[in-house]
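Spelled out from the first residue to the last, the chains are:
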Amino acid sequence: RQAKIAAQVQAAAQSVCMQASIPEDLLSEVNCLVEWPSAVLCQFDADFLRVPHEALISTMQTNQKFFPLQTPSGALSEYFVGIVNIESKDIKKIKKGYERVIRPRFADAQFFFNEDIKQGIDSMAQGLASVTYQQKLGTYADKTARIVTLAESIATQLGMDKQPARRAAVLCKADLQSRMVGEFPELQGIAGRYYALAAGESETIANAIDQAYQPRFGGDAIAVSKLGQIIAIAERLDTLAGGFVAGLKPTGNKDPFALRRNALGLARILLEGNFDLSLKDLLNKAITLQPIQSVDASIENLTDFTYDRLRSYFNEQGFNEQQFDAVNSVAHDSLPDFAKRLAAVAEFTKMPEAASLAAANKRIANILKKSASEAAEYVSEDLLHEQAEKDLWQAIKQLEQSNTSKLQARDYVAVLQALASLRAPVDSFFDSVMVNADDLHVRANRLALLRTIALQFNAVGDISLLA
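Worth saying up front: this structure is predicted, and the values here are computed from it rather than measured.

### A short note on the packing of aromatic side chains
Centre-to-centre distance and the angle between the planes together describe a pair of aromatic rings.
Point 1. The final tally for this structure, using the stated rule, is 18 aromatic pairs.
Point 2. Ring geometry for F113 versus Y195: centroids 5.8 Å apart, planes at 25°, classification stacked. Remark: Y195 occurs in helix 9 (residues 190-198) and F113 occurs in helix 4 (residues 91-119); sequence separation between them is 82 residues.
Point 3. Consider the rings of F429 and F430, whose centres lie 5.4 Å apart with planes at 80°: the pair is edge-to-face. No difference in accessibility class separates F429 from F430, as the two residues are buried.
Point 4. Of the aromatic side chains, those joined through ring pairs into one cluster are F44, F48, F66, F80, Y98 and F106.
Point 5. One Lys or Arg, K4, reaches over the ring of W36 and ends 4.6 Å from the middle of that ring.
Point 6. Sitting over the ring of F305, R309 keeps its end group 4.5 Å from the ring centre.

Take a look at the structure:
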(Lines give C-alpha, C1' and ligand atoms only; values in the text may rest on other atoms or scores of the structure.)
Protein backbone atom coordinates (compact mmCIF):
# COMPACT_ATOMS: atom_id res chain seq x y z
CA ARG A 1 0.00 0.00 0.00
CA GLN A 2 2.84 2.39 0.81
CA ALA A 3 4.49 1.67 -2.53
CA LYS A 4 1.16 2.27 -4.24
CA ILE A 5 0.77 5.67 -2.57
CA ALA A 6 4.28 6.73 -3.61
CA ALA A 7 3.71 5.55 -7.18
CA GLN A 8 0.40 7.40 -7.46
CA VAL A 9 1.92 10.62 -6.12
CA GLN A 10 4.77 10.34 -8.60
CA ALA A 11 2.35 9.69 -11.46
CA ALA A 12 0.24 12.71 -10.51
CA ALA A 13 3.35 14.89 -10.46
CA GLN A 14 4.50 13.67 -13.84
CA SER A 15 1.09 14.43 -15.34
CA VAL A 16 1.76 18.15 -14.84
CA CYS A 17 5.55 17.95 -15.42
CA MET A 18 6.33 18.44 -11.74
CA GLN A 19 8.40 16.60 -9.14
CA ALA A 20 6.98 15.00 -6.01
CA SER A 21 8.27 15.61 -2.50
CA ILE A 22 7.63 12.42 -0.53
CA PRO A 23 9.10 12.55 3.01
CA GLU A 24 9.37 9.10 4.58
CA ASP A 25 7.58 10.09 7.80
CA LEU A 26 4.64 11.64 5.90
CA LEU A 27 4.39 8.64 3.59
CA SER A 28 4.35 6.29 6.56
CA GLU A 29 1.67 8.34 8.32
CA VAL A 30 -0.59 8.54 5.27
CA ASN A 31 -0.12 4.81 4.74
CA CYS A 32 -1.60 4.23 8.19
CA LEU A 33 -4.57 6.51 7.50
CA VAL A 34 -5.91 4.83 4.37
CA GLU A 35 -6.75 1.29 3.31
CA TRP A 36 -7.55 1.88 -0.36
CA PRO A 37 -5.40 4.85 -1.45
CA SER A 38 -6.28 6.97 -4.43
CA ALA A 39 -4.28 10.07 -5.37
CA VAL A 40 -6.02 13.35 -6.18
CA LEU A 41 -4.10 16.09 -8.02
CA CYS A 42 -5.03 19.54 -6.71
CA GLN A 43 -3.99 23.15 -7.23
CA PHE A 44 -4.00 26.37 -5.21
CA ASP A 45 -3.81 30.02 -6.25
CA ALA A 46 -0.27 30.74 -7.43
CA ASP A 47 -0.44 34.12 -5.69
CA PHE A 48 0.12 32.28 -2.41
CA LEU A 49 3.62 31.37 -3.59
CA ARG A 50 4.72 34.83 -2.42
CA VAL A 51 4.35 33.52 1.12
CA PRO A 52 7.43 31.75 2.61
CA HIS A 53 7.28 28.30 1.08
CA GLU A 54 8.14 26.65 4.39
CA ALA A 55 4.81 27.89 5.82
CA LEU A 56 2.86 26.49 2.87
CA ILE A 57 4.68 23.17 3.00
CA SER A 58 4.15 22.92 6.76
CA THR A 59 0.41 23.50 6.31
CA MET A 60 0.10 20.93 3.54
CA GLN A 61 2.21 18.23 5.15
CA THR A 62 1.56 18.68 8.87
CA ASN A 63 -2.07 19.79 8.93
CA GLN A 64 -3.56 18.17 5.86
CA LYS A 65 -1.18 15.29 5.04
CA PHE A 66 -0.84 16.48 1.45
CA PHE A 67 2.21 15.99 -0.77
CA PRO A 68 3.54 19.28 -2.24
CA LEU A 69 4.85 19.19 -5.80
CA GLN A 70 7.93 21.01 -7.02
CA THR A 71 8.97 22.50 -10.33
CA PRO A 72 11.84 20.83 -12.24
CA SER A 73 14.18 23.43 -10.69
CA GLY A 74 13.13 22.38 -7.18
CA ALA A 75 10.93 25.37 -6.30
CA LEU A 76 7.52 24.86 -4.72
CA SER A 77 4.71 24.81 -7.30
CA GLU A 78 0.99 25.51 -6.92
CA TYR A 79 0.22 21.79 -7.29
CA PHE A 80 -0.21 19.26 -4.49
CA VAL A 81 -1.52 15.71 -4.13
CA GLY A 82 -4.03 14.48 -1.57
CA ILE A 83 -4.68 10.80 -0.82
CA VAL A 84 -8.32 9.77 -0.46
CA ASN A 85 -9.39 6.45 1.08
CA ILE A 86 -11.62 5.47 -1.85
CA GLU A 87 -11.70 5.46 -5.61
CA SER A 88 -14.38 8.13 -5.98
CA LYS A 89 -16.79 8.31 -8.92
CA ASP A 90 -16.79 12.10 -8.58
CA ILE A 91 -13.13 13.00 -8.06
CA LYS A 92 -13.83 16.67 -8.87
CA LYS A 93 -15.76 17.13 -5.63
CA ILE A 94 -12.91 15.69 -3.56
CA LYS A 95 -10.43 17.88 -5.44
CA LYS A 96 -12.55 20.94 -4.78
CA GLY A 97 -12.82 20.03 -1.10
CA TYR A 98 -9.07 19.60 -0.72
CA GLU A 99 -8.40 22.91 -2.43
CA ARG A 100 -11.02 24.67 -0.32
CA VAL A 101 -9.68 23.34 3.00
CA ILE A 102 -6.17 24.76 2.59
CA ARG A 103 -7.21 28.14 1.19
CA PRO A 104 -8.08 29.78 4.56
CA ARG A 105 -4.84 28.46 6.10
CA PHE A 106 -2.83 29.88 3.22
CA ALA A 107 -4.78 33.15 3.43
CA ASP A 108 -3.94 33.40 7.13
CA ALA A 109 -0.25 32.75 6.41
CA GLN A 110 -0.33 35.37 3.69
CA PHE A 111 -1.93 37.91 6.01
CA PHE A 112 0.57 37.19 8.81
CA PHE A 113 3.50 37.50 6.41
CA ASN A 114 2.33 40.79 4.91
CA GLU A 115 1.65 42.31 8.33
CA ASP A 116 5.07 41.19 9.58
CA ILE A 117 6.75 42.78 6.58
CA LYS A 118 4.96 46.04 7.38
CA GLN A 119 6.13 45.85 10.99
CA GLY A 120 9.76 45.19 10.04
CA ILE A 121 12.33 43.00 11.72
CA ASP A 122 13.93 45.86 13.68
CA SER A 123 10.59 46.66 15.27
CA MET A 124 10.18 42.98 16.13
CA ALA A 125 13.61 42.99 17.80
CA GLN A 126 12.65 45.99 19.91
CA GLY A 127 9.45 44.22 20.95
CA LEU A 128 11.47 41.44 22.60
CA ALA A 129 11.91 43.70 25.62
CA SER A 130 8.32 42.96 26.59
CA VAL A 131 8.60 39.16 26.27
CA THR A 132 9.85 37.18 29.26
CA TYR A 133 12.44 34.55 28.44
CA GLN A 134 12.67 33.11 31.96
CA GLN A 135 11.76 34.69 35.25
CA LYS A 136 15.30 34.62 36.66
CA LEU A 137 17.01 35.36 33.34
CA GLY A 138 15.04 38.35 32.12
CA THR A 139 13.41 39.09 28.77
CA TYR A 140 14.26 37.89 25.28
CA ALA A 141 15.89 41.28 24.78
CA ASP A 142 18.20 40.49 27.70
CA LYS A 143 18.98 37.10 26.19
CA THR A 144 19.67 38.72 22.81
CA ALA A 145 22.10 41.19 24.42
CA ARG A 146 24.03 38.28 25.95
CA ILE A 147 24.11 36.47 22.60
CA VAL A 148 25.45 39.64 20.96
CA THR A 149 28.31 39.87 23.46
CA LEU A 150 29.19 36.20 23.03
CA ALA A 151 29.01 36.35 19.24
CA GLU A 152 31.27 39.41 19.11
CA SER A 153 33.76 37.73 21.43
CA ILE A 154 33.87 34.54 19.31
CA ALA A 155 34.26 36.51 16.08
CA THR A 156 37.13 38.47 17.60
CA GLN A 157 38.89 35.28 18.71
CA LEU A 158 38.61 33.95 15.17
CA GLY A 159 40.02 37.16 13.69
CA MET A 160 36.73 37.98 11.94
CA ASP A 161 34.89 41.28 11.59
CA LYS A 162 32.60 41.40 14.60
CA GLN A 163 30.08 43.79 13.02
CA PRO A 164 28.24 41.10 10.97
CA ALA A 165 28.22 38.87 14.06
CA ARG A 166 26.71 41.68 16.08
CA ARG A 167 24.01 42.44 13.51
CA ALA A 168 23.02 38.80 13.03
CA ALA A 169 22.91 38.31 16.81
CA VAL A 170 20.74 41.42 17.31
CA LEU A 171 18.16 40.01 14.87
CA CYS A 172 18.44 36.28 15.63
CA LYS A 173 15.43 36.19 17.97
CA ALA A 174 13.39 39.01 16.42
CA ASP A 175 10.98 36.76 14.54
CA LEU A 176 9.65 35.43 17.87
CA GLN A 177 7.59 38.64 17.82
CA SER A 178 6.19 37.91 14.37
CA ARG A 179 2.67 36.76 13.64
CA MET A 180 4.05 34.07 11.34
CA VAL A 181 6.07 32.35 14.07
CA GLY A 182 3.13 32.73 16.43
CA GLU A 183 1.11 30.58 14.03
CA PHE A 184 3.99 28.40 12.81
CA PRO A 185 6.49 27.97 15.69
CA GLU A 186 8.56 25.59 13.57
CA LEU A 187 9.48 28.55 11.33
CA GLN A 188 11.68 30.22 13.95
CA GLY A 189 14.78 31.48 12.19
CA ILE A 190 13.33 30.67 8.78
CA ALA A 191 10.83 33.50 9.09
CA GLY A 192 13.61 35.74 10.40
CA ARG A 193 15.59 35.09 7.23
CA TYR A 194 12.69 36.28 5.05
CA TYR A 195 12.10 39.39 7.18
CA ALA A 196 15.80 40.28 7.22
CA LEU A 197 15.98 40.06 3.43
CA ALA A 198 12.80 42.14 3.12
CA ALA A 199 14.39 44.79 5.34
CA GLY A 200 17.46 44.99 3.09
CA GLU A 201 19.88 42.92 5.15
CA SER A 202 22.57 40.99 3.30
CA GLU A 203 22.07 37.32 2.48
CA THR A 204 24.96 36.54 4.83
CA ILE A 205 23.15 38.10 7.78
CA ALA A 206 19.75 36.67 6.79
CA ASN A 207 21.08 33.14 6.33
CA ALA A 208 22.91 33.32 9.67
CA ILE A 209 19.59 34.10 11.44
CA ASP A 210 18.11 30.92 9.97
CA GLN A 211 21.21 28.75 10.41
CA ALA A 212 21.55 29.73 14.08
CA TYR A 213 18.87 27.13 14.82
CA GLN A 214 20.89 24.30 13.26
CA PRO A 215 21.13 21.50 14.13
CA ARG A 216 17.36 21.60 14.70
CA PHE A 217 17.03 17.89 15.50
CA GLY A 218 19.09 14.73 15.88
CA GLY A 219 21.04 14.01 12.73
CA ASP A 220 20.50 17.50 11.30
CA ALA A 221 23.53 19.26 9.81
CA ILE A 222 25.19 22.21 11.50
CA ALA A 223 25.09 25.66 9.91
CA VAL A 224 26.88 25.98 6.60
CA SER A 225 28.26 29.49 7.06
CA LYS A 226 30.86 30.43 9.67
CA LEU A 227 28.67 33.37 10.76
CA GLY A 228 25.69 31.05 11.24
CA GLN A 229 27.88 28.74 13.32
CA ILE A 230 29.04 31.63 15.51
CA ILE A 231 25.46 32.75 16.26
CA ALA A 232 24.44 29.13 16.92
CA ILE A 233 27.33 28.70 19.38
CA ALA A 234 26.54 31.97 21.18
CA GLU A 235 22.84 31.11 21.49
CA ARG A 236 23.54 27.66 22.89
CA LEU A 237 26.17 28.93 25.30
CA ASP A 238 23.66 31.37 26.78
CA THR A 239 20.88 28.79 26.94
CA LEU A 240 23.15 26.27 28.65
CA ALA A 241 24.63 28.69 31.18
CA GLY A 242 21.24 30.29 31.86
CA GLY A 243 19.58 26.92 32.39
CA PHE A 244 22.10 25.92 35.04
CA VAL A 245 22.03 29.35 36.70
CA ALA A 246 18.23 29.23 36.93
CA GLY A 247 18.30 25.74 38.46
CA LEU A 248 16.87 24.04 35.37
CA LYS A 249 19.47 21.29 35.05
CA PRO A 250 17.78 18.18 33.62
CA THR A 251 16.65 15.52 36.07
CA GLY A 252 15.53 12.11 34.84
CA ASN A 253 13.43 12.62 31.75
CA LYS A 254 12.64 16.26 32.57
CA ASP A 255 14.50 18.82 30.47
CA PRO A 256 12.20 21.84 30.00
CA PHE A 257 14.86 24.01 28.35
CA ALA A 258 16.24 21.17 26.18
CA LEU A 259 19.66 21.63 27.78
CA ARG A 260 20.84 18.16 26.72
CA ARG A 261 20.02 18.91 23.09
CA ASN A 262 21.61 22.36 23.35
CA ALA A 263 24.81 20.95 24.85
CA LEU A 264 25.11 18.33 22.13
CA GLY A 265 24.37 20.94 19.46
CA LEU A 266 27.04 23.23 20.94
CA ALA A 267 29.59 20.41 21.00
CA ARG A 268 28.79 19.32 17.44
CA ILE A 269 29.16 22.85 16.05
CA LEU A 270 32.51 23.33 17.80
CA LEU A 271 33.70 19.95 16.56
CA GLU A 272 32.33 19.84 13.04
CA GLY A 273 32.95 23.55 12.48
CA ASN A 274 36.55 23.04 13.66
CA PHE A 275 36.44 25.83 16.26
CA ASP A 276 39.79 25.55 18.03
CA LEU A 277 38.52 27.55 21.00
CA SER A 278 38.63 26.80 24.70
CA LEU A 279 35.29 25.34 25.76
CA LYS A 280 35.98 26.33 29.35
CA ASP A 281 36.63 29.95 28.38
CA LEU A 282 33.44 30.06 26.29
CA LEU A 283 31.36 28.64 29.12
CA ASN A 284 32.98 30.96 31.66
CA LYS A 285 32.11 33.97 29.50
CA ALA A 286 28.51 32.77 29.21
CA ILE A 287 28.23 32.23 32.97
CA THR A 288 29.56 35.69 33.85
CA LEU A 289 26.99 37.34 31.55
CA GLN A 290 24.04 35.83 33.40
CA PRO A 291 22.00 38.20 35.63
CA ILE A 292 22.43 35.90 38.63
CA GLN A 293 25.05 33.37 39.69
CA SER A 294 24.67 29.88 41.10
CA VAL A 295 26.97 27.18 42.47
CA ASP A 296 25.31 24.75 40.04
CA ALA A 297 26.54 26.83 37.11
CA SER A 298 30.24 26.16 37.66
CA ILE A 299 32.58 25.73 34.71
CA GLU A 300 33.25 22.16 35.82
CA ASN A 301 29.55 21.24 35.94
CA LEU A 302 28.83 22.74 32.53
CA THR A 303 31.95 21.22 30.98
CA ASP A 304 31.18 17.75 32.35
CA PHE A 305 27.57 18.06 31.21
CA THR A 306 28.66 18.97 27.67
CA TYR A 307 31.24 16.20 27.42
CA ASP A 308 28.74 13.64 28.68
CA ARG A 309 26.59 14.45 25.65
CA LEU A 310 29.54 13.51 23.44
CA ARG A 311 29.78 9.95 24.70
CA SER A 312 27.08 8.60 22.43
CA TYR A 313 28.22 10.92 19.61
CA PHE A 314 31.70 9.38 19.57
CA ASN A 315 30.36 5.91 20.30
CA GLU A 316 28.42 6.09 17.03
CA GLN A 317 31.72 6.84 15.31
CA GLY A 318 33.31 3.67 16.64
CA PHE A 319 35.10 4.85 19.79
CA ASN A 320 34.53 2.90 23.01
CA GLU A 321 34.00 4.11 26.58
CA GLN A 322 37.58 3.39 27.72
CA GLN A 323 39.05 5.43 24.89
CA PHE A 324 36.66 8.32 25.59
CA ASP A 325 37.42 8.26 29.34
CA ALA A 326 41.17 8.17 28.67
CA VAL A 327 40.99 11.47 26.81
CA ASN A 328 38.20 12.97 28.90
CA SER A 329 40.33 12.65 32.03
CA VAL A 330 43.05 14.96 30.71
CA ALA A 331 41.59 17.17 27.94
CA HIS A 332 38.78 19.68 28.54
CA ASP A 333 39.63 22.51 26.24
CA SER A 334 39.34 22.60 22.45
CA LEU A 335 36.88 20.03 21.11
CA PRO A 336 38.69 19.57 17.77
CA ASP A 337 41.80 18.87 19.86
CA PHE A 338 39.79 16.37 21.92
CA ALA A 339 38.74 14.57 18.74
CA LYS A 340 42.36 14.38 17.55
CA ARG A 341 43.45 12.90 20.86
CA LEU A 342 40.63 10.38 20.79
CA ALA A 343 41.56 9.24 17.30
CA ALA A 344 45.20 8.87 18.41
CA VAL A 345 44.24 6.83 21.47
CA ALA A 346 42.15 4.54 19.29
CA GLU A 347 45.18 4.01 17.04
CA PHE A 348 47.36 3.36 20.09
CA THR A 349 45.13 0.51 21.23
CA LYS A 350 45.97 -1.33 17.99
CA MET A 351 49.69 -1.42 18.85
CA PRO A 352 51.10 -4.73 20.21
CA GLU A 353 52.72 -2.81 23.10
CA ALA A 354 49.47 -1.09 24.09
CA ALA A 355 48.19 -3.64 26.62
CA SER A 356 51.52 -3.90 28.42
CA LEU A 357 52.02 -0.12 28.55
CA ALA A 358 48.46 0.46 29.75
CA ALA A 359 48.92 -2.09 32.51
CA ALA A 360 52.24 -0.51 33.53
CA ASN A 361 50.69 2.94 33.59
CA LYS A 362 47.85 1.65 35.75
CA ARG A 363 50.38 0.18 38.16
CA ILE A 364 52.23 3.52 38.24
CA ALA A 365 48.97 5.38 38.85
CA ASN A 366 48.12 3.09 41.80
CA ILE A 367 51.55 3.58 43.35
CA LEU A 368 51.42 7.36 42.97
CA LYS A 369 47.90 7.48 44.33
CA LYS A 370 49.23 6.15 47.63
CA SER A 371 52.66 7.77 47.73
CA ALA A 372 52.73 10.81 45.43
CA SER A 373 53.25 13.15 48.36
CA GLU A 374 56.55 11.42 49.14
CA ALA A 375 57.98 11.99 45.65
CA ALA A 376 60.92 14.33 45.15
CA GLU A 377 60.41 17.47 43.12
CA TYR A 378 62.93 16.39 40.48
CA VAL A 379 64.70 13.19 39.50
CA SER A 380 68.31 13.15 40.68
CA GLU A 381 70.65 11.06 38.56
CA ASP A 382 72.98 10.66 41.54
CA LEU A 383 70.27 8.67 43.34
CA LEU A 384 69.73 6.25 40.45
CA HIS A 385 71.59 3.16 41.65
CA GLU A 386 70.10 0.26 39.70
CA GLN A 387 70.91 -0.16 36.02
CA ALA A 388 67.24 -0.65 35.17
CA GLU A 389 66.27 2.74 36.61
CA LYS A 390 69.20 4.41 34.88
CA ASP A 391 68.13 2.90 31.57
CA LEU A 392 64.56 3.95 32.15
CA TRP A 393 65.59 7.50 32.96
CA GLN A 394 67.62 7.76 29.76
CA ALA A 395 64.68 6.40 27.74
CA ILE A 396 62.33 8.96 29.31
CA LYS A 397 64.66 11.88 28.58
CA GLN A 398 64.94 10.83 24.95
CA LEU A 399 61.17 10.45 24.72
CA GLU A 400 60.55 13.88 26.26
CA GLN A 401 62.92 15.50 23.80
CA SER A 402 61.38 13.84 20.75
CA ASN A 403 57.77 14.30 21.88
CA THR A 404 57.92 18.00 22.74
CA SER A 405 57.70 19.13 19.12
CA LYS A 406 55.14 16.42 18.31
CA LEU A 407 52.85 17.66 21.10
CA GLN A 408 53.17 21.23 19.91
CA ALA A 409 52.20 20.08 16.41
CA ARG A 410 49.37 17.99 17.88
CA ASP A 411 50.76 14.90 16.20
CA TYR A 412 49.23 12.73 18.91
CA VAL A 413 49.49 9.49 16.97
CA ALA A 414 53.27 9.91 16.76
CA VAL A 415 53.42 10.82 20.46
CA LEU A 416 51.67 7.62 21.48
CA GLN A 417 53.59 5.48 19.01
CA ALA A 418 56.81 6.73 20.61
CA LEU A 419 55.64 5.25 23.93
CA ALA A 420 56.46 1.82 22.49
CA SER A 421 60.14 2.59 23.22
CA LEU A 422 59.33 2.54 26.96
CA ARG A 423 57.95 -0.97 27.07
CA ALA A 424 61.23 -2.82 27.62
CA PRO A 425 62.79 -0.36 30.14
CA VAL A 426 59.52 -0.09 32.08
CA ASP A 427 59.15 -3.87 32.29
CA SER A 428 62.79 -4.20 33.35
CA PHE A 429 62.34 -1.50 35.99
CA PHE A 430 59.41 -3.22 37.65
CA ASP A 431 61.14 -6.61 37.44
CA SER A 432 64.34 -5.54 39.19
CA VAL A 433 63.75 -2.31 41.13
CA MET A 434 61.99 -1.87 44.47
CA VAL A 435 60.19 1.48 44.38
CA ASN A 436 59.54 1.68 48.11
CA ALA A 437 63.18 1.41 49.10
CA ASP A 438 64.23 1.73 52.74
CA ASP A 439 66.32 4.79 51.91
CA LEU A 440 63.76 7.61 51.90
CA HIS A 441 65.79 9.70 49.43
CA VAL A 442 66.05 6.81 46.98
CA ARG A 443 62.34 6.12 47.41
CA ALA A 444 61.42 9.76 46.77
CA ASN A 445 63.64 9.77 43.68
CA ARG A 446 62.04 6.63 42.27
CA LEU A 447 58.57 8.04 42.88
CA ALA A 448 59.63 11.18 41.01
CA LEU A 449 60.79 8.91 38.20
CA LEU A 450 57.38 7.23 38.08
CA ARG A 451 55.66 10.60 38.07
CA THR A 452 57.74 11.66 35.08
CA ILE A 453 56.75 8.46 33.29
CA ALA A 454 53.09 9.09 34.09
CA LEU A 455 53.32 12.57 32.56
CA GLN A 456 54.56 11.03 29.32
CA PHE A 457 51.91 8.33 29.37
CA ASN A 458 49.16 10.87 30.02
CA ALA A 459 50.33 13.52 27.58
CA VAL A 460 47.53 12.59 25.17
CA GLY A 461 45.14 10.62 27.39
CA ASP A 462 45.20 8.59 30.57
CA ILE A 463 46.54 5.34 29.13
CA SER A 464 45.97 3.52 32.43
CA LEU A 465 42.21 3.61 31.74
CA LEU A 466 42.78 1.36 28.71
CA ALA A 467 44.09 -1.47 30.88
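Read on, since the account is not over.
### Structural notes on the pairing of strand 4 (residues 76-84)
Point 1. The element strand 4 is extensively covered by neighbouring structure, given that 8 of its 9 residues are classed as buried.
Point 2. As paired strands, strand 2 (residues 38-43) and strand 4 are joined by 6 bridges and run antiparallel to one another. Paired with Q43 across the bridge in strand 4 is Y79.
Point 3. Linking strand 3 (residues 67-70) to strand 4, which pair antiparallel, is a turn of 5 residues; within it G74 sits at a positive phi near 100°.

### Things to note about the packing of helix 12 (residues 259-272) against helix 14 (residues 299-315)
Point 1. Between helix 12 and helix 14, the shortest axis-to-axis distance is 9 Å and the interhelical angle comes to 70°. With respect to their mutual orientation, helix 12 and helix 14 come out roughly perpendicular. Along the contact surface, helix 12 presents L259, R260, A263, L264, A267, R268, L271 and E272, while helix 14 presents F305, T306, R309, L310, Y313 and F314.
Point 2. Partitioned by chemical class, the residues of the contact of helix 12 with helix 14 number 9 nonpolar, 1 polar and 4 charged.

### A few points about the pairing of strand 3
Point 1. Taken together, the 2 bridges between strand 1 (residues 19-20) and strand 3 define a ladder with antiparallel strand orientation. Across the sheet, residue Q19 finds its bridge partner in strand 3, namely Q70.

### Some details on the environment of Q14
Point 1. Relative to the helices and strands, Q14 is located in helix 1 (residues 2-15).
Point 2. A C-alpha to C-alpha distance of 12 Å links Q14 and V81, two positions 67 residues apart in sequence.

### Notes on helix 2 (residues 24-33)
Point 1. Along helix 2, the residues classified as buried are L26, L27, V30 and N31. For helix 2, the buried positions fall inside an angular range of 135° around the axis, keeping them on one side. When the buried face of helix 2 is taken as reference, the exposed residues oriented beyond 90 degrees from it are E24, D25 and C32.
Point 2. The secondary structure elements touched by the buried residues of helix 2 are helix 1, helix 3 (53-63), strand 3 and strand 4.

### Some points on the pattern of salt bridges
Point 1. Inspection of every chain in the model, using the stated rule, returns 28 salt bridges.
Point 2. A salt bridge links K397 to E381, with the shortest nitrogen-to-oxygen separation between them at 2.9 Å. Here the residue K397 occupies a position in helix 18 (residues 387-408), and E381 occupies one in the loop between helix 17 (354-371) and helix 18, the gap between them amounting to 16 residues.
Point 3. Look at K397 and you get partly exposed, because its relative accessible area is 29%.
Point 4. By relative accessible area, E381 is classed as partly exposed at 44%.

### Some words on the sheet that holds strand 4
Point 1. Overall, antiparallel pairing links the 4 strands, which are arranged 1-3-4-2 in an open sheet. Pairing within the sheet leaves two strands with one partner each, and these edge strands are strand 1 and strand 2.
Point 2. Across 3 bridges, strand 3 lies against strand 4 in antiparallel orientation. The residue of strand 4 that forms the bridge with F67 is V81.
Point 3. The strands touched by helix 3 within the sheet are strand 3 and strand 4, with strand 4 carrying the most contacts at an inclination of about 5°.

### A closer look at helix 17
Along an α-helix, residues three or four apart share an orientation, since each turn contains 3.6 residues.
Point 1. Compared with an ideal rise of 1.5 Å per residue, which puts 18 residues at 26 Å, helix 17 spans 25 Å between its outermost C-alpha atoms and is within 8% of the ideal.
Point 2. Those residues of helix 17 not exposed but buried are A354, S356, L357, A358, A360, N361, I364, I367, L368 and S371.
Point 3. Residues of helix 17 that are buried sit in contact with helix 16 (335-348), helix 20 (423-432) and helix 21 (440-457).

How each quantity is defined
Residues numbered from 1 in each chain as written. Predicted model: local features only at pLDDT ≥ 70, side-chain atom pairs only at ≥ 80, totals over all residues. Heavy atoms only, no water. Phe/Tyr/Trp six-rings, centres within 6.5 Å; stacked < 30°, edge-to-face > 60°. Helix = DSSP H or I, 4+ residues; strand = E, 2+ residues; numbered from the N terminus. Buried < 20%, exposed > 50% of the residue type's maximum accessible area, 1.4 Å probe, protein only. Lys NZ or Arg CZ within 6 Å of the ring centre and 35° of its normal. Pairing = 2+ DSSP bridges. Axes fitted to C-alpha atoms, helices over the stretch in contact; angles between N-to-C directions. Parallel < 35°, antiparallel > 145°, perpendicular 65-115°, else oblique. Contact = heavy atoms within 4.5 Å. Nonpolar A, V, L, I, M, F, W, Y, C, P; charged D, E, K, R; others polar. Arc of directions from axis to C-beta. Salt bridge = Lys/Arg side-chain N within 4 Å of Asp/Glu carboxyl O. Expected span 1.5 Å × (residues − 1).

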